[in-house]
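Coordinate inspection notes
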Amino acid sequence: MAGLFVLLAWLLLAGVVGQALRLAASWRRGGPAPVNWARGLAALPRRYLVDVHGVVALRAAAARMHQAIAGGLLGGTALVLLGILPALRGAEMLWLLAAYAAGGFLASLGILLGLWLPALAGIGLAAWGGARLVVGIATGPMRHALAGAVHLAAHPRPERFAGATASGLLPAQKFGVATISDFAWNRLAGFDACIQCGRCEEACPAFAAGQKLNPKALIQDLATALHPDAPSYAGSPHPGMSSPGPVLGRLHAETLFACTTCRACVSACPMMIEHVDAVID
Ligand code: SF4
Ligand code: SF4
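All residue numbers refer to position in the chain's written sequence, counted from 1. Chains and ligands are labelled sequentially in the order written, the chains with letters from A and the ligands with numbers from 1. Thresholds applied to this predicted model are a pLDDT of at least 70 for local features of residues and 80 or more for the giving and counting of side-chain atom pairs; totals over whole chains, interfaces and linings are not thresholded and use all residues. Side-chain metrics in this entry use all non-hydrogen atoms of the structure; hydrogen atoms and water are not considered.

Points on a 1 Å grid over protein atoms alone make up a cavity when a 1.4 Å probe fits among them but cannot get out, and a pocket when they form an open set with protein on both sides within 12 Å along at least five of seven lines; lining residues each have an atom within 4 Å of a point. Grid points are joined across faces, edges and corners, and a volume is the space filled by probe spheres set on the points. Enumeration according to the criterion identifies 4 cavities of 30 Å³ or more in this entry. Taken as a whole, the largest cavity holds about 100 Å³ of empty space. Listed by contribution, the elements that provide at least two residues to the lining of the largest cavity are helix H10 (205–208), helix H11 (215–226), helix H13 (264–268) and helix H14 (275–280). A run of H or I in DSSP becomes a helix once it reaches four residues, and a run of E becomes a strand once it reaches two; helices and strands are each numbered from the N terminus. Sort the elements by how many residues they give to the lining of the largest cavity and H14 lands first, with 3 residues.

Below, the structure written as structure tokens:
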């Protein structure tokens, strides 16, 4: 029984590695980018827990959700099961995390006490929740979780995390993109890191004025250009635009020219995504 549980853990880990390699292969279609991995990985916990959470915490409800997830699967599970955060009951990912964590706990307890029925039930529950989370790397919110960690570690503007205002042109081997592969790979990871929270959409003066630009849709257009087979974006479109444009097979020139480069979207984005760099490119 213990062997079965260990096998499950290895299978899920292999699934995560497989999905990570698949995503990395799509980012490798982009151009090279200078990344200080040692510094980026060392800074990842602070970037995630301080910088990202600082923006997330601008909304109290979102901050509680973030703390529940970042604080650990068991803590989050207990909170959800106790119904302390009723607003989260409809979030599928939290129930999958709860199933994975509760199943793992039940399986461990069963194996420890030699109770095979609870152990088997726990393995089944953990397998169901874990497998759905692994599949979600390709099609759901777990893609953001994986891509978000890589994006924060290999961010194209690391000086932002030191409080600097960063808006100069990024170094590039050539300016302007003709295909999605012309972006540096860490920019592609940034597009995959979008959680579709809509804060950039709310902050954008061009969108508020009814211009043909929605920064959230812009980032999703770029992610769709990278993953044409992924589930299609179902959020608000660019106002007045009902069909994809010719730029990268997704965007219209009017959308790009509607951007004032004010960077309100960049400041509002909890994933530190660089919309303006994408528009300029
Ligand atoms: S604010 Fe950032 S994470 Fe949220 S929808 Fe916009 S680009 Fe995506
Ligand atoms: S920089 Fe462009 S996309 Fe971002 S908020 Fe300003 S106008 Fe909107």
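When we say a residue is near a molecule or strand, we mean one of its heavy atoms is within 4 Å of it. Surrounding ligand 1, one finds 13 residues, the nearest of these being Cys194, Cys197, Cys200, Cys269 and His275. More than half of a molecule's atoms within 2 Å of the grid points is what it takes for that molecule to sit in a cavity or pocket. If you map ligand 1 onto the pockets, it falls in the second largest cavity. When residues of the shell around ligand 1 are traced back to their parent elements, those giving at least two are helix H9 (199–203) and H11.

Attention now moves to the side chain of Asn214. On the secondary structure map, Asn214 appears in the loop between H10 and H11. Under the relative-accessibility criterion, Asn214 is labelled buried at 0%. A polar side-chain atom of Asn214 sits 2.8 Å from a polar atom in the side chain of Glu201. With residues up to four places along the chain from it excluded, the contact list for Asn214 reads Glu201, Phe207, Tyr233, Ser236, Pro237, His238 and Pro239. Between buried and exposed lies partly exposed: a residue is buried under 20% and exposed over 50% of the maximum accessible area for its type, with that area taken using a 1.4 Å probe on protein chains only. Pairing of N or O atoms within 3.5 Å defines a polar contact, subject to two protein rules: one partner must be a possible hydrogen donor and the other a possible acceptor, and residues neighboring in sequence count only if both atoms are side-chain atoms. In this analysis, two residues are considered to be in contact whenever any of their non-hydrogen atoms come within 4.5 Å of each other.

Grouped together as the largest cluster of nonpolar side chains are 28 residues, with contacts concentrated most on Trp27, Ile180, Phe183, Leu188, Phe191 and Leu222. Secondary structure elements with two or more residues in this core: helix H1 (2–27), helix H7 (141–153), helix H8 (185–192), H11 and H14. Dropping the residues within four chain positions of it, Phe183 is found in contact with Gly30, Gly31, Val177, Leu188, Phe191, Leu222, Leu248, Ala278 and Asp281. With 7 residues, the next largest nonpolar core counts Val52, Val55, Phe161 and Met272 among its residues. To define a nonpolar core, start from buried Ala, Val, Leu, Ile, Met, Phe, Trp, Tyr and Cys residues and group those joined through side-chain atoms within 4.5 Å.

Moving on, we get to the packing of aromatic side chains. Pairing of aromatic side chains requires ring centres within 6.5 Å, counting the rings of Phe and Tyr and the six-membered ring of Trp. Pairs whose planes differ by under 30 degrees are stacked, by over 60 edge-to-face, and all others tilted. For the coordinates displayed, the defined rule picks out 3 aromatic pairs. When the centroid spacing of 5.7 Å and the interplanar angle of 15 degrees are considered together, the rings of Trp37 and Trp185 count as stacked. Of the two residues, Trp37 sits in helix H2 (residues 37–56) while Trp185 sits in helix H8, which places them 148 residues apart along the sequence. Exposure remark for Trp185: the relative accessible area of 17% places this residue in the buried category. An aromatic cluster of three or more residues is present, and its members are Trp27, Trp37 and Trp185.

Treat this as a map of the structure, not an account of what it does.
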